[in-house]
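# An overview of the molecular structure
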Amino acid sequence: MNVTRREFIQITGASAAGLAVSGLGFDLSPVKAHAQMLKTKYAKETTTICCYCAVGCGAIVHTSKKGDGRVINIEGDPDHVINRGSLCSKGASISQLTENENRLVEPMYRAPYAKEWKKVSWDWSLTQIAERVKKTRDAAFEYKNAKGQVVNRSTNIVSVGSAAMDNEECWIYQALMRAIGLVYIEHQARI
Amino acid sequence: MSKSFFVDTTICTACRGCQVACKQWHDLPAEETKNRGTYENPADLSFITYKVVRMREQVIDGKLNWLFFPEQCRHCIEAPCLETAGDPGAIFRDDKTGAIIFTANTKRLNTAAIIEACPYNVPRKAADGTLAKCDMCLDRVENGLLPACVQTCPTGAMTFGDRDEILALAKKRLGEVKKKNPKAMLIDEDTVSVIYLVAYEPKLYCKNAMASNAVFDITRQMALKRMIRPLTNITSRLL
């Protein structure tokens with residue numbers, strides 16, 4: 001018999017339906033009656049901008065209203081003019097910036113020539129960073145250039161900025177870099 | 001009105017936003033994978049991966065093409081998995097949307113038979129024997145949202161809506177694509193809720209892009225089960 005599988009399904013489907021209307025089928029409705037609740041139903045909604053590339057897609061962050069306020073979900077903001085709800089694979093995974101067991105929550109330090117990273121305190125690391133930046137910056141600080149013009153710059157530190165910074169963090173970061181006299185400042189989003 | 005997806009592979013860029021958005025919404029963990037010499041990753045669908053973008057390098061008419069195919073459950077209108085199971089507590093159809101939903105009770109089914117019954121090789125089994133696959137984001141759809149994969153799609157390759165509108169859109173778009181690619185076609189559009197538009201032969205995109213006719217034996221088993229099921233129901237009621 002030359003019957004395709006789809007035709008076969010249809011033939012047998014008809015026979016089963018025949019039995020069903022004769023009262024021998026059984027009622028499925030109780031099984032199907034459970035409506036599903038949205039995991040974001042009781043969450044707080046906050047809008048944000050994706051921190052990854054220069055496109056600047058809008059996103060909605062759903063955080064728990066109870067207790068810890070952790071992130072439940074982040075998805076594209078349908079009302080945002082740039083992306084209208086869409087997000088690429090990087091943007092769609094953005095909740096993992098916070099909700100991630102591999103995320104570092106303490107500063108780590110690897111001494112010169114050491115092979116291992118070790119946990120250090122915030123106090124120690126911030127002091128170390130400040131001291132070293134100051135030392136390096138002061139070592140090459142120029143008040144005036146060769147023509148005698150005031151420049152107030154330090155050219156021996158370069159900033160290649162973080163791709164995971166948001167707009168507001170970038171502003172603060174830029175202000176800090178300019179304040180200490182950096183002129184070589186670059187950010188991932190421009191690349 | 002039941003719902004359908006339209007996936008226009010001709011404008012898919014394989015960004016994999018759909019893949020990630022699916023994981024994100026369903027709170028599914030990452031797969032451990034390794035570099036297999038392709039951007040296609042993970043290697044296959046699994047109990048924790050409902051959607052995979054297939055990427056194939058194919059030489060067509062002497063020209064290299066990189067073909068993308070975001071693979072997922074097709075939510076068949078006559079679903080062989082559902083028919084094979086015959087157990088609405090484990091696999092059922094949501095009448096409003098047409099979504100085929102697997103529950104935790106799939107553990108009590110003959111899972112090998114369910115997997116073999118699928119013409120698109122979609123369901124995957126966990127270590128404890130439970131089956132999983134795309135659920136059409138039924139929770140989102142019931143609450144007026146788009147499925148996570150559709151909402152996130154940056155190029156508009158994926159659309160979702162009432163079946164008649166989606167079918168009309170698919171046919172309109174097919175007309176446009178055919179001008180450039182005469183071999184373009186919709187895949188199994190009359191029998192599934194996830195309608196793919198491809199520019200070339202479906203088998204070039206991935207192995208199970210189109211339903212295969214080669215599973216006739218399995219379908220026969222399925223058909224027999226379906227025919228005798230009302231009788232087994234009666235016996236279980238009498239007992």
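Thresholds, definitions, all that
- Residues numbered from 1 in each chain as written.
- Chains lettered and ligands numbered in written order.
- Predicted model: local features only at pLDDT ≥ 70, side-chain atom pairs only at ≥ 80, totals over all residues.
- Heavy atoms only, no water.
- Helix = DSSP H or I, 4+ residues; strand = E, 2+ residues; numbered from the N terminus.
- Buried < 20%, exposed > 50% of the residue type's maximum accessible area, 1.4 Å probe, protein only.
- Areas by Shrake-Rupley, 256 points an atom, 1.4 Å probe, with all protein chains shown as cover.
- Domains from an automatic or database assignment.
- Salt bridge = Lys/Arg side-chain N within 4 Å of Asp/Glu carboxyl O.
- Patch = residues over 30% accessible without salt bridge, like charges linked within 9 Å, V, L, I, M, F, W, Y side chains within 5 Å.
- Core = buried A, V, L, I, M, F, W, Y, C linked by side-chain atoms within 4.5 Å.
- Contact = heavy atoms within 4.5 Å.
- Phe/Tyr/Trp six-rings, centres within 6.5 Å; stacked < 30°, edge-to-face > 60°.
- Lys NZ or Arg CZ within 6 Å of the ring centre and 35° of its normal.
- Pairing = 2+ DSSP bridges.
- Polar contact = N/O pair within 3.5 Å; in protein donor to acceptor, adjacent residues only side chain to side chain.

## Points about the overall build of chain A
- Along its length, chain A carries five helices and eight strands.
- Walking chain A from its N terminus toward its C terminus, one meets helices and strands in the order α-α-β-β-β-α-β-β-α-β-β-α-β.
- Every one of the 191 residues in chain A was classed for burial, and the buried ones make up 29%.
- Of the roughly 13400 Å² of accessible surface on chain A, 57% is carried by carbon and sulfur atoms.

## Details of the domain arrangement of chain A
- In terms of domains, chain A is made up of domain 1 (43-97) and domain 2 (108-190).
- For domain 1 of chain A and domain 2 of chain A, the distance between their C-alpha centres works out to 30 Å.

## Quick word on the pattern of salt bridges
Residue and element names in this part refer to chain A.
- According to the stated counting rule, one finds 19 salt bridges over all chains in the structure shown.
- Between Arg70 and Glu99 there is a salt bridge, with the nearest N and O atoms lying 3.0 Å from each other. Residue Arg70 is located in the loop between strand 2 (58-63) and strand 3 (71-76), and its partner Glu99 is located in the loop between helix 3 (89-92) and strand 4 (108-109); the two are separated by 29 residues in the primary sequence.
- Judged by its relative accessible area of 37%, Arg70 falls in the partly exposed class.

## Here we look at a nonpolar patch on the surface
- A surface patch of nonpolar side chains, about 410 Å² in accessible area, is lined by Trp122, Leu126, Ile129 and Val133 of chain A.
- Counting through the fold element by element, Leu126 of chain A comes out in helix 4 (residues 122-139).

## What to know about the nonpolar core
Residues and elements named next belong to chain B.
- Core analysis: the biggest nonpolar cluster contains 33 residues, and Phe5, Phe69, Met158, Tyr200 and Tyr205 have the highest contact counts within it.
- Breaking this core down by element, the ones donating at least two residues are strand 1 (3-8), strand 2 (52-60), strand 3 (63-71), helix 4 (138-142), helix 5 (148-152), strand 8 (158-162) and strand 10 (194-198).
- Not counting the four nearest positions on each side in its chain, Tyr200 is found in contact with Ile60, Asn65, Leu67, Asn181 and Tyr205.
- Formed by 25 residues, the second largest nonpolar core is a distinct cluster that contains Cys22, Leu28, Cys81 and Leu131.

## A closer look at the packing of aromatic side chains
- Applying the stated rule across the entire model yields seven aromatic pairs over all chains.
- Ring geometry for Tyr39 of chain B and Trp66 of chain B: centres 5.9 Å apart, planes at 45 degrees, overall tilted. Here Tyr39 of chain B is found in the loop between helix 1 (17-26) and strand 2, whereas its partner Trp66 of chain B is found in strand 3, with 27 residues between them in sequence.
- Here Tyr39 of chain B falls in the exposed class, since its relative accessible area comes to 59%.
- One aromatic cluster is present, built from ring pairs that chain together Tyr39, Trp66 and Phe68 of chain B.
- The residue whose ring lies beneath Arg110 of chain A is Trp117 of chain A, and the NZ or CZ to ring-centre distance is 5.9 Å.
- One cation-aromatic arrangement involves Lys133 of chain B over Phe102 of chain B; the distance from NZ or CZ to the ring centre is 5.0 Å.

## Considerations on the side chain of Ser159 of chain A
Residue and element names in this part refer to chain A.
- Residue placement: Ser159 occurs in strand 7 (residues 150-160).
- Exposure remark for Ser159: the relative accessible area of 3% places this residue in the buried category.
- Excluding its chain neighbours within four sequence positions, the residues that come into contact with Ser159 are Tyr173, Met177, Leu182, Tyr184, Ile185 and Glu186.

## A look at the pairing of strand 10 of chain B
Residues and elements named next belong to chain B.
- Burial analysis of strand 10 places five of its five residues in the buried class, which makes it a mostly covered element.
- Sheet analysis places strand 1 next to strand 10, joined by four bridges and oriented parallel. Bridging across to strand 10, Asp8 finds its partner in Leu197.
- Pairing analysis gives three bridges linking strand 9 (residues 185-187) to strand 10, with the strands arranged antiparallel. Each bridged residue has a counterpart across the sheet, and for Ile187 the counterpart in strand 10 is Tyr196.
- The hairpin formed by strand 9 and strand 10 contains six residues between the paired strands, and Asp188 there has a positive phi angle of roughly 45 degrees.

## Regarding the side chain of His62 of chain A
Residues and elements named next belong to chain A.
- Note on placement: His62 falls in strand 2.
- Since its relative accessible area comes to 4%, His62 is described here as buried.
- One polar contact links His62 to Glu45, side chain to side chain, over a distance of 3.2 Å.
- Not counting chain neighbours up to four residues away, the residues in contact with His62 comprise Thr40, Ala43, Lys44, Glu45, Arg70, Val71, Ile72, Asn73 and Glu75.

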